[in-house]
Amino acid sequence: MPIKINGMITNNDDAPIYRDWLGMDVVSPQDVEDALQDYGEEDIDVNVNSFGGEVDPAAQIYTMLRNTKNKVIVNIESSAYSAGTIIVMAGDVVRISPSAQMMIHKASSGAMGNSDDLQKGAQMLDSTDKTIANVYATKTGKPIEDFLALMAKETWLSPQDAIDLGLADEIMEFNAEPITNSSKPIIAYDKVQKIKGLVEENKELKQNKENSQPEDTLYQQKLAIFLDKKESQNE
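None of these values were measured; they are calculated from a predicted model.

Caption draft 1: Molecular detail of the pairing of strand 1 (residues 3-9). Of all seven residues in strand 1, five are buried; the element is thus mostly enclosed. Pairing of strand 1 with strand 3 (residues 44-53) involves six bridges; the strand directions are parallel. Within the sheet, the bridge partner assigned to Lys4 lies in strand 3 and is Asn47. Pairing of strand 1 with strand 2 (residues 26-27) involves two bridges; the strand directions are parallel. Bridge pairing in strand 2 places Ile9 opposite Val27.

Here's what the structure looks like:
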């Protein structure tokens, strides 16, 4: 089962409140740590649909995933915003749906107090922004300053934008080939599709007697598909 990063990212202590009392989708470092226990040596799939949340728990999840010896494949299914993008950067391969988006911006807080307190709060936020930008830079090889500038503008990224920046590696492709579970051999999907095309072609040719081909020619073309031979050409 894939590890799901859904909803808000929060700390271990607050997660039960959001989840059990408020009915919200949340994920905490403990959730991910527990899920990792179910994996052996196989690849780890991480499906992300998150609007972000707290930076520290996101950083903890990122570090856990980076520390695992398994290959980590991150799938952005719909949204990877704010702190959610930190976790995304843990992927050895980051795949993004053609319908998904990413968004990066500067950190914020509810700092209160006197002028000294507010200056300390501003310093903390500057440091947090640099840390987040460093995560992006580590993934992409691009300068931290590039991402600090994008974060300052609150930048929304299409799948191709994310690819161009190096924040994602590939756009998901959806294959119509069915997943099978059979005790008997099954004809390869691409072979079936070729035969279907030949059948349709034969129907059209039969409707036009001038261009019709012998039925045994269609049989030979079917046979060539199974034998991985080059399809015979009409003479």
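Caption draft 2: Representation of the packing of helix 2 (residues 29-36) against helix 3 (residues 55-67). The interhelical angle for the contact between helix 2 and helix 3, taken along N-to-C directions, is 15 degrees, at an axis separation of 9 Å. Between helix 2 and helix 3, the angle is such that the two are roughly parallel. Pair helix 2 / helix 3 crosses with right-handed handedness. Residues Pro29, Val32, Glu33 and Leu36 of helix 2 form the contact with helix 3, whose own contacting residues are Pro57, Gln60, Ile61, Met64 and Leu65. Looking at the contact of helix 2 with helix 3, its residues break down into seven nonpolar, one polar and one charged.

Caption draft 3: Spotlight on a negative patch on the surface. A contiguous patch of negative charge on the surface is contributed by Glu41, Glu42, Asp43 and Asp45. For Asp45, a relative accessible area of 31% gives the class partly exposed.

Caption draft 4: Up close: the side chain of Thr128. Here Thr128 shows up in helix 5 (residues 115-140). Look at Thr128 and you get buried, because its relative accessible area is 16%. Look past the residues within four positions of Thr128 in its chain and what remains in contact with it is Val55 and Ala107.

Caption draft 5: Main features of the nonpolar core. Residues Ile3, Ile5, Val32, Val46, Ile76, Val88 and Met102 are the most contacted members of the largest nonpolar core, which totals 43 residues. The contact partners of Ile5, leaving out residues within four places of it in the chain, are Val27, Val32, Val46, Asn47, Val48, Asn49, Ser50 and Ile87.

Caption draft 6: Up close: a nonpolar patch on the surface. Taken together, the side chains of Ile17, Trp21, Leu22 and Met24 present a nonpolar region at the surface, about 480 Å² in accessible area. With respect to the secondary-structure elements, Ile17 resides in helix 1 (residues 15-21). Using a relative accessible area of 44% as the deciding quantity, one classes Ile17 as partly exposed.

Caption draft 7: Fine view of the packing of helix 5 against helix 6 (residues 144-152). Between helix 5 and helix 6, the shortest axis-to-axis distance is 8 Å and the interhelical angle comes to 125 degrees. Judged on the interaxial angle alone, helix 6 and helix 5 are oblique. Helix-helix and strand crossings are classified by hand; for helix 5 and helix 6 the assignment is right-handed. For the pair formed by helix 5 and helix 6, the contact residues are Asp129, Lys130, Ile132, Ala133, Asn134, Tyr136, Ala137 and Thr140 on the first element and Ile144, Phe147, Leu148 and Met151 on the second. Partitioned by chemical class, the residues of the contact of helix 5 with helix 6 number eight nonpolar, two polar and two charged.

The rules behind the values
Residues numbered from 1 in each chain as written. Predicted model: local features only at pLDDT ≥ 70, side-chain atom pairs only at ≥ 80, totals over all residues. Heavy atoms only, no water. Buried < 20%, exposed > 50% of the residue type's maximum accessible area, 1.4 Å probe, protein only. Helix = DSSP H or I, 4+ residues; strand = E, 2+ residues; numbered from the N terminus. Pairing = 2+ DSSP bridges. Axes fitted to C-alpha atoms, helices over the stretch in contact; angles between N-to-C directions. Parallel < 35°, antiparallel > 145°, perpendicular 65-115°, else oblique. Left-handed = near helix turned anticlockwise from the far one by under 90°. Contact = heavy atoms within 4.5 Å. Nonpolar A, V, L, I, M, F, W, Y, C, P; charged D, E, K, R; others polar. Patch = residues over 30% accessible without salt bridge, like charges linked within 9 Å, V, L, I, M, F, W, Y side chains within 5 Å. Areas by Shrake-Rupley, 256 points an atom, 1.4 Å probe, with all protein chains shown as cover. Salt bridge = Lys/Arg side-chain N within 4 Å of Asp/Glu carboxyl O. Lys, Arg positive; Asp, Glu negative; His and termini not counted. Charge placed at Lys NZ, Arg CZ, Asp CG, Glu CD. Core = buried A, V, L, I, M, F, W, Y, C linked by side-chain atoms within 4.5 Å.

Honestly, that's just the spatial picture; any functional story needs more than this.
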